[in-house]
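# Notes for the structure review
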Amino acid sequence: MRAREPESDAALMRRFARRDAPAADMLYGRFASRIYGLGIVMLGSDAAAQDLVQDTFVKLWRNADRYDATRGKLETWVLLVARSLAIDALRRRVLEARSLEAIGRPPDADHRPQPDELAATADMAARARSAMERLSGEQRAALELAYFGGKTSAEVAELEGIPIGTAKTRIRTALLRLREAMAEEQRDV
Amino acid sequence: MTCDEIRELLPEHLLGTLGDLQDLEVRRHLRGCAGCRTELDRLSEGVEWFARAAHDRTPPPELRDRVVNTLEHEWSDADAERPDVSRTRWIGRAAAVVAIVAVLGWGASQTHRANIASADAASYRNVLTTLGGKEFRVGTLAPRIAHPFEGSVVLYDSHQGRSWGIVLVRAPGLTGRAKVTLSIAGGSAAGNTTIDAGWLEFQPDGDAATWLVTSSDLTPFDRVTVTAADGTVLATAEIELA
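Quick caveat: nothing in here was measured; it's all calculated off a predicted structure. (Residues numbered from 1 in each chain as written. Chains lettered and ligands numbered in written order. Predicted model: local features only at pLDDT ≥ 70, side-chain atom pairs only at ≥ 80, totals over all residues. Heavy atoms only, no water.)

Before going further, it helps to spend a moment on the packing of helix α1 (residues 3–15) of chain B against helix α2 (residues 20–31) of chain B. Residue and element names in this part refer to chain B. Here α1 crosses α2 at 115°, and the two axes come no closer than 10 Å. Crossing of α1 over α2 shows left-handed handedness. Of α2, the residues touching α1 (which contributes Cys 3, Ile 6, Leu 9, Leu 10 and His 13) are Gln 22, Asp 23, Glu 25, Val 26, Arg 27, His 29 and Leu 30. Among the residues forming the contact of α1 with α2, the class breakdown is 6 nonpolar, 3 polar and 3 charged. (Axes fitted to C-alpha atoms, helices over the stretch in contact; angles between N-to-C directions. Helix = DSSP H or I, 4+ residues; strand = E, 2+ residues; numbered from the N terminus. Left-handed = near helix turned anticlockwise from the far one by under 90°. Contact = heavy atoms within 4.5 Å. Nonpolar A, V, L, I, M, F, W, Y, C, P; charged D, E, K, R; others polar.)

Here it is in structure tokens:
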């Protein structure tokens, strides 16, 4: 008889690897909104964001047996898979734009999110955004470059024109400050 | 590296931007340092909140069906890509193992005959004839869990007090070990009704195999049970008596 304890992420991924549909559904419920949002932010359209969600779940299944819970949280792993795919899509888009320019055709003009795509967010996300406001502009920029751009600390340092140690400190401080701010937000609820 | 040096690298480790060698060093350090693991957990929470803040948008409801359908197609295609695991193939593989067992068990004088047998593995009857055995009996493992599991069992009843059995399994996604037991469905007046046939060690692709060589008479054994380490019965096979 199994105890009624929350299922571990490792067990969930094992079920997903075995093509367990409820496990797939559970993963979708947990991560689809963040992957979709990542697509909206990084790729700028609903269609591209939906493609990103689909591609991410296919990749997650193909690599499900490689998930190692001792090496990090499932949330982080999933988001890095999605981010990596989004960066690949951006690279493809840049290459396509260059090709179109080379033959004299203008690239598609506007990939910015449309108003209906910027829909109202869940309360949790709103509080997370509020926590983001506690970050300085420099910290936020460093974190966004590392997170969305997949930039190393050295690359962030070069882009921002700062020493590498400063770039590392900004990213680390930003993450820790976000965590502390969210802990305070949750205490206040 | 010291803890301070590792902690300086943790954000990049977490964000996947660290070089392979440094990342390996961080992982090794983390395995043996609870303090740095705690720091990693704190930074992970920061990443999660950043994700919520920066990009948490409700996707359109129809996207769920699209993803589910895509996964179903993916799973279906994965089945189609898998190599043929028909009975003939299993028996062919079994016959190859016959050659190995024959070489180990009957000595060099049998090597030539066994090699001839394995070369003609499509017909296990040829192997039987070559080795002078009593009978080959074959069974198909039926899953007892909601998980892809297939496999075959070959039992070889020998005239020479050297019988053997082979269990070949394919269960993608299963890991760890599973125990294989031969038994007599209706019990036996002679006493011993089960034989431990060893452990299956699942490979990353889900393949596993085990065999036993025994002086016991396998003739009355007509059931094979595959049991997980926690006692869950994974599959069983009924094997016709000779």
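There is more to say, and it comes next.
As a further point, take the side chain of Thr 17 of chain B. Mapped onto the secondary structure, Thr 17 of chain B falls in the loop between α1 and α2. Excluding residues that lie within four positions of it along the chain, Thr 17 of chain B makes contacts with Arg 83, Ala 146, Gly 150, Lys 151 and Thr 152 of chain A together with Glu 12 of chain B.

Opposite charge on two side chains allows them to pair when their charged atoms are near. Summed over the entire model, instances satisfying the criterion amount to 18 salt bridges over all chains. The shortest N-O distance in the salt bridge between Glu 48 of chain B and Lys 73 of chain A comes to 3.6 Å. Linking Glu 48 of chain B in helix α3 (residues 34–54) with Lys 73 of chain A in the loop between α3 (46–62) and α4 (74–102), this pair reaches from one chain into another. Given a relative accessible area of 16%, Glu 48 of chain B falls into the buried group. Residue class for Lys 73 of chain A comes out partly exposed when judged on its relative accessible area of 27%. Of the charged contacts, one joins Glu 184 of chain A and Arg 134 of chain A as a salt bridge, the two residues approaching to 2.9 Å between their closest N and O atoms. (Salt bridge = Lys/Arg side-chain N within 4 Å of Asp/Glu carboxyl O. Buried < 20%, exposed > 50% of the residue type's maximum accessible area, 1.4 Å probe, protein only.)

The interface is formed by 50 residues belonging to chain B together with 62 residues belonging to chain A. Here chain B packs against chain A, burying approximately 5,400 Å² in sum over the two surfaces, 63% of which is carbon and sulfur. Summed over the shared surface of chain B and chain A, the result is 7 salt bridges. Across the chain B-chain A interface, the total number found is 14 residue pairs in polar contact (both at pLDDT 80 or more). Contributions of two or more residues to the side of chain B that touches chain A are made by α1, α3 and α4 (62–81) of chain B. (Buried area = accessible area lost by both parts, 1.4 Å probe. Polar contact = N/O pair within 3.5 Å; in protein donor to acceptor, adjacent residues only side chain to side chain.)

Attention now goes to the confidence of the model for chain B. All names here are of chain B. Looking at chain B, the pLDDT average stands at 76 and 72% of residues meet or exceed 70. pLDDT under 50 marks residues 102–124. Its contacts with residues more than four places away, or in other chains, come to 27 contacts. Reported confidences for the modelled complex are a pTM of 0.52 and an ipTM of 0.71. (pLDDT = per-residue confidence, 0-100.)

Residue and element names in this part refer to chain B. Burial runs high along strand β3 (residues 163–170): 8 of the 8 residues are buried. Of the two faces of β3, both are covered, the one formed by Ser 163, Gly 165, Val 167 and Val 169 as well as the one formed by Trp 164, Ile 166, Leu 168 and Arg 170. In this structure, strand β2 (residues 150–157) lies alongside β3, joined through 7 bridges in antiparallel fashion. In the sheet register, Leu 155 faces β3, and the bridge partner there is Gly 165. One ladder, built from 8 bridges, connects β3 with strand β6 (residues 207–214); its direction is antiparallel. In the sheet register, Trp 164 faces β6, and the bridge partner there is Val 213. (Pairing = 2+ DSSP bridges.)

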